Amino acid sequence: PSRMLPYMEYGKPILAAIDGDARLIIEKNRCGKCVDPGDPRLLADSMIDFAYGKYDNLEMGKNGKIFFETQCMLSLFVDNLERFFENRALND
């Protein structure tokens, strides 16, 4: 999950053997392919599918970039803005 956001930022499709929130984000935003953790054969098959173009890698990459720019950048902006006003209030 810690590598997921940089991949999205740079428009790279994601292949992950993962569950939880990261999987939900990937699937909801159609920015990659997830397989169940602990299934190395399915992961290997998915790698081959990625390599041979079974998936629209460019489209998944674009979807991830859109998610990053609209959700993550906005969240960082709001966090920074909140910190700015909190610090300003403390210094007044």
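Residues numbered from 1 in each chain as written. Predicted model: local features only at pLDDT ≥ 70, side-chain atom pairs only at ≥ 80, totals over all residues. Heavy atoms only, no water.

S.K.: Would you take a moment to explain the overall build of the chain for this structure?
M.R.: Counting its regular elements, the chain contains 4 helices and 2 strands. The order of helices and strands in the chain, counted from the N terminus, is α-β-α-β-α-α. When its C-alpha atoms are laid out on the principal axes, the chain stretches across 60 × 25 × 15 Å. For the chain, the residues scored as buried account for 24% of the 92 residues in total. (Helix = DSSP H or I, 4+ residues; strand = E, 2+ residues; numbered from the N terminus. Buried < 20%, exposed > 50% of the residue type's maximum accessible area, 1.4 Å probe, protein only.)

S.K.: Just checking my understanding: could you explain the environment of Pro-13 for this structure?
M.R.: Its location among the elements puts Pro-13 in the loop between helix H1 (4-9) and strand E1 (14-17). Taking C-alpha positions, Pro-13 is 9.4 Å from Lys-65, a pair spaced 52 residues apart along the chain. Residues contacting Pro-13, with those up to four places away along its chain left out, are Cys-31, Phe-50, Asn-57, Met-60 and Gly-61. (Contact = heavy atoms within 4.5 Å.)

S.K.: Quick question: what am I supposed to make of the pairing of E1 here?
M.R.: Where a strand is regular, its side chains alternate between the two sheet faces. In E1, alternate side chains face the same way, and those of Ile-14 and Ala-16 are buried while those of Leu-15 and Ala-17 on the opposite face are not. By the bridge criterion, 4 bridges tie E1 to strand E2 (residues 32-35) in an arrangement that is parallel. Counterpart to Ala-16 in the pairing with E2 is Cys-34. This β-α-β element, E1 to helix H2 (residues 21-28) to E2, shows right-handed connectivity. (Pairing = 2+ DSSP bridges. Right-handed = clockwise from strand over helix to strand, strands pointing away.)

S.K.: Explain the packing of aromatic side chains to me, please; I cannot follow it from the model alone.
M.R.: Geometry of an aromatic ring pair is reported as the spacing of the ring centres plus the angle between the planes. Tallied over the entire structure, the rule returns 1 aromatic pair. With a centroid separation of 5.1 Å and an interplanar angle of 55°, the aromatic rings of Phe-50 and Tyr-55 are classed as tilted. Residue Phe-50 is classed as buried on the basis of its relative accessible area of 12%. (Phe/Tyr/Trp six-rings, centres within 6.5 Å; stacked < 30°, edge-to-face > 60°.)

S.K.: Whenever I open this one, the nonpolar core confuses me. Can you help?
M.R.: Inside soluble globular proteins, nonpolar side chains tend to come together where they are buried. In this structure, Met-4, Met-8, Ile-14, Ala-16, Ile-18, Ala-22, Ile-26, Cys-31, Cys-34, Phe-67, Phe-68 and Cys-72 together form the largest nonpolar core, which totals 12 residues. Sorting the residues of this core by element identifies H1, E1, H2 and helix H4 (57-91) as the ones contributing at least two each. For this core, the element with the most residues is H4, which contributes 3 residues. (Core = buried A, V, L, I, M, F, W, Y, C linked by side-chain atoms within 4.5 Å.)

S.K.: Could you clarify how one ought to interpret the side chain of Arg-23 in this entry?
M.R.: With respect to the helices, strands and loops of the structure, Arg-23 is situated in helix H2. On the basis of relative accessible area, Arg-23 is assigned to the buried category, the value being 15%. Separated by 3.1 Å, the side chains of Arg-23 and Asp-19 make a polar contact. Setting aside its immediate chain neighbours within four residues, Arg-23 contacts Ile-18, Cys-34, Val-35, Asp-36 and Pro-37. (Polar contact = N/O pair within 3.5 Å; in protein donor to acceptor, adjacent residues only side chain to side chain.)

S.K.: Help me understand the confidence of the model for the chain, please; the structure alone is not making it clear to me.
M.R.: Interpreting fine coordinate detail is not advised for predicted regions of low pLDDT. Averaged over all residues, the pLDDT of the chain is 88; the fraction at 70 or higher stands at 90%. Per-element averaging of pLDDT across the chain places H4 at the bottom with 81 and E2 at the top with 96. (pLDDT = per-residue confidence, 0-100.)

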